[in-house]
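Here are the chains, one letter per residue:
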Amino acid sequence: MKLELRGITKRFGALTANDHIDLVVQPGEIHCLLGENGAGKSTLMNVLYGLYRADEGEILLDDQVQKFEGPGDAMNAGIGMVHQHFMLIPVFTVAENVMLGNENTKAGGVLDLEAARTKVREISARFGFDIDPDAKIEDLPVGVQQRVEIIKALSRDAKVLVFDEPTAVLTPQETDELMDIMRQLKDEGTAIVFITHKLREVREVADRITVIRLGKVVGEAEPSATNAELASLMVGRAVSLTVDKADAAPGDDALVVSELTVTDHVGQVLVDNVSFTLKRGEILCVAGVQGNGQTELTEAIMGLQHRVLGSIVLDGTELVGQSTRGVLDSGVGFVPEDRTEDGLVGEFTIAENLMLDRYTSEPFVKAGTLQLDALARFAAEKVTEFDVRAQGIATKVGRLSGGNQQKVVLARELSRELRLFIAAQPTRGLDVGSIEFVHKRIVATRDAGVPVIVVSTELDEVTALADRIAVMYRGRIIGIVPGDTPRDVLGLMMAGETPSEVAA
Amino acid sequence: MTSTDQTTAGAAAAPETPAPPRQNQILKEIFGGSAMISFLAIILALIFGGLLIVLTDPVVQQTSAYFFSRPGDTFVAIAEAVGGAYAALFRGSVFNYLRADEFGAAIRPLTESLTNATPLIAAGLGVALAFRVGLFNIGGRGQILIAAAAAGYVGAYVPMPPVIHLIVALVVGLIGGALWGGLVGLLKARTGAHEVIVTIMLNYIAFYLISFLLRTPGALQAPGQSNPRSGPMLETAVFPKIAGEEYNLNIGFILVIVATIYVWYLLNRSAMGFQFRAVGENPHAARVAGINVERTYITVMVIAGALVGLAGVQQALGNFTGGIAAGLDAGIGFDAITVALLGRSKPIGVFFAGILFGALKAGAVTMQAAEGIPVDIVLVVQSFIVLFIAAPPLVRALFRLPTPDPLFHWRKPQLARKAEVTK
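All values derive from a computational prediction rather than experimental measurement.

> Give a description of the nonpolar core that names residues and reports values.
Ranked by size, the top nonpolar core spans 274 residues in total, and within it V471 of chain A together with A151 of chain B carry the most contacts. Sorting elements by how many residues they give to this core places helix 14 (residues 293-319) of chain B first, with 15 residues. In this structure, V471 of chain A is in contact with A287, G288, I477, I478, G479, L490, M493 and M494 of chain A, ignoring residues within four places of it in sequence.

In structure tokens form, the structure reads like this:
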């Protein structure tokens, strides 16, 4: 089925999220929608999926104008969507999830589960998936859950399939497999819209590329275009994709983590006997697929985990057993991976967020009273220094874009005297321009002689920043390798294998 | 599966980190409405109250029987019913213009309104403060009773020199409320118990505890009495009148003004209040920033309990000086929730909302006496105010107000939120 969007315009108050966007996707074509966060990709897809009503413009399927009142209409018309956050019910089985919203019933209103199972088996066989229709979603790995989403869309005869940032949660291997699935779907004649901001993936599978910036189509590109060309199209200016950094000049050991084990409240081991040493002026990247204990490792250092064994010694001070306040006061700066949830208070102003973890002493507090003048001066200075784009320091942080929010977190954490800096997923969801900025600041922190830990699931980021790389798998450190280790070796390590050259 | 979910799930199971439940988000939207909504809600409630007055007025009913022959009569009757009712309400709560010749008598209703408002404001501040930290304090009744009993015991049975007696009774009362409130914070912090359940249950415990003490000779019951009532407050412990002996207005109102300023300072200018607000807006970020969320819950409930306790002290030493009884709460504990709601959980807002509710209470009596309109109409108006504040979209639709910025959803868009639930 051919999908055509004509002059789609969607406004939210004064803001135009989509401005006369035209897009044509032919059957048997993978069309990449490339753009920074906040460029309007998701809005456009929500219009297509019937979640938003466009203010202007029309959606055509095989040259027929469509009117979608809701996702139900879009699905019936043959549009399927694989969301970034899976829309699956964890305690239901695969078959139950696939039939959800489209339940067939036998006489007396009894669910016809057998039909759903057959459908799952049939589609699985077609693509060579090995999926048990009776497996519970919560027992399946993330990559398989995504396949269930694909099956769900295909079970409703989707002829146009939208993948919204599908690779964010996958290992490099799983990503490659997903690419294969997409190619197979394309060969069957499905029209595919692939939304992403990862340039490497785009160049790998796309037949055509449309770049969106600030709600407008700014250009089309061929898959043969270079990364730099695509990036500059996306951002609207030339960007440097590599991080300029001199070789590390590591000093003495600063942080010594030994035999660290973290368990959760039911006794499940989240971090398993981890030991490593970090020197001053060195960046250690902790790589690994999301959910392999990296989060818990950083939280354990920050005093945010409650069941911690082993020791974490920073400059001779034991951190295990200290409160988060104590750890912060020891000179640890922390950028949490979920900045909206753990790093910022959305209803607070930029200025208030800049003192969020400095509420105990001068210059911001004297005799229990906030020093608003000192805070205002400090905030104005930091907003300029970190290039936070906002109307003023009284703007609520919840109204800033992801990149500007992250700059606020960085400004706060980097303006203290640091003896250790931990940044978890520092560029997740950021646009190319902001990524560049964040990376520069991290390298500058290292060059100032601070030991740095960067946790990232993005291999590009890991290889760009790391002096050394620790790969985590199921709570253990599989190995610590030099920063220039090839991607495929890292990929294998992320999947739990210990390549021979590493083991040696 | 992101780590956020893991932390949230872990928090729900582990007692160390009681995360606020999702319904608190909805409450927050209700409590955080704009001043405009509050004002329009009052207007709407008065209109609907007027409608009820019209429907129940006997003259309107009579005239409407011959509406089609002489419609004018009906309209006159309607105007008289509503106009008369609200005029009486005004006379009873602000200024009695029928006695304008004698200023002292004409102004009496206003002092009555302020007297009524005193405990409402104090308790409203307690509810509002807890709410700014994300806690829904429904325990006003229990905190009032315990504070009143503590202050009442000292006031009635422990003779002391003047001034000192008053201060000791006041402080003991505040400590009573603080302990009863702090208990809620402690239970929440240590066990993860939901504060709504805990406060409701503590209300019952307080009520029956006080009832028991009031029936126990040697405890609170007045010696040689068989009624469940304490002895009268000693002269030295009674709140002094501040506007002359002929008015009921007492020093409690001054204390409430001080309390309002204190809460304003606490929330907006103090380091402690900064932590309070951070925990209330985003406990996760507060925890990562080194704030001890559990200790904050305890601290805020101690202060909130003391504020609500001030209402109890006012009842014991100001309004029921003849002796306290188990009914002295008089619904203030729950009205305080409405006052905090109308005041949008801001100290200044609570202050004026308390005065409005105090005025409605005072005026209702005059309305009944002068126009024969049941006091319940005022309760209905109060209830309508709550209803309209709780449904801002309804008010916006009725007044054709624009909806707030749709792009501003800090707590993740609806779709992502749903996805999180299913993950």
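> Could you give me a rundown of the sheet that holds strand 6 (residues 79-82) of chain A, with the residues and numbers involved?
Residue and element names in this part refer to chain A. Taken in spatial order, the six strands of this open sheet run 6-9-10-3-11-12, and their pairing is mixed. In this open sheet, the two strands that pair with only one neighbour each are strand 6 and strand 12 (216-221). Between one strand axis and the next, the sheet turns through 20° on average, direction left out of account. Examined bridge by bridge, strand 3 (residues 29-35) and strand 10 (residues 191-196) share six bridges and lie parallel to one another. Within strand 10, the position partnered with H31 by the bridge is V193. Helix 1 (residues 41-48) contacts strand 3, strand 6, strand 9 (160-164), strand 10 and strand 11 (208-213) of the sheet and is inclined by roughly 150° relative to strand 9. The strands touched by helix 6 (residues 172-187) within the sheet are strand 3, strand 9 and strand 10, with strand 10 carrying the most contacts at an inclination of about 150°.

> I'd love a proper account of helix 5 (residues 71-93) of chain B, names of residues and values included.
Between the first and last C-alpha of helix 5 of chain B there are 33 Å, a value that for 23 residues agrees with the 33 Å anticipated at 1.5 Å per step. Its buried side turned inward, helix 5 of chain B meets helix 3 (35-56), helix 4 (58-65), helix 7 (108-132) and helix 16 (347-371) of chain B.

> How would you sum up the UniProt feature "domain: ABC transporter" (unreviewed entry) in chain A? Please name residues and give values.
UniProt records the feature "domain: ABC transporter" (unreviewed entry) at residues 3-239 and 255-499 of chain A, using the numbering of this structure. Helix makes up 33% of residues 255-499 of chain A and strand 26%. Its end C-alpha atoms lie 27 Å apart.

> Which residues make up the pairing of strand 2 (residues 15-25) of chain A, and what values do they have?
All names here are of chain A. Bridge count between strand 1 (residues 3-12) and strand 2: seven bridges; the pairing is antiparallel. Bridged to L3 within strand 2 is V25. Where strand 1 folds back on strand 2, the antiparallel hairpin that results is connected by two residues, among which G13 adopts a positive phi of roughly 60°.

> Give me the lowdown on the confidence of the model for chain B, citing residues and values where you can.
Residue and element names in this part refer to chain B. Taken residue by residue, chain B gives an average pLDDT of 84. The fraction at 70 or more is 87%. Overall, residues 1-22 carries pLDDT values under 50, and its contacts beyond four positions in sequence, including any with other chains, amount to 32 contacts. Note that pLDDT drops below 50 for residues 405-423; the model gives that stretch 29 contacts with residues more than four away or on any other chain.

Thresholds, definitions, all that
- Residues numbered from 1 in each chain as written.
- Chains lettered and ligands numbered in written order.
- Predicted model: local features only at pLDDT ≥ 70, side-chain atom pairs only at ≥ 80, totals over all residues.
- Core = buried A, V, L, I, M, F, W, Y, C linked by C-beta atoms within 7 Å.
- Buried ≥ 20, exposed ≤ 12 C-beta atoms within 10 Å, placed from the backbone.
- Helix = DSSP H or I, 4+ residues; strand = E, 2+ residues; numbered from the N terminus.
- Contact = placed C-beta atoms within 7 Å.
- Pairing = 2+ DSSP bridges.
- Axes fitted to C-alpha atoms, helices over the stretch in contact; angles between N-to-C directions.
- Expected span 1.5 Å × (residues − 1).
- UniProt positions renumbered as here; feature names shortened; annotations may be inferred.
- pLDDT = per-residue confidence, 0-100.

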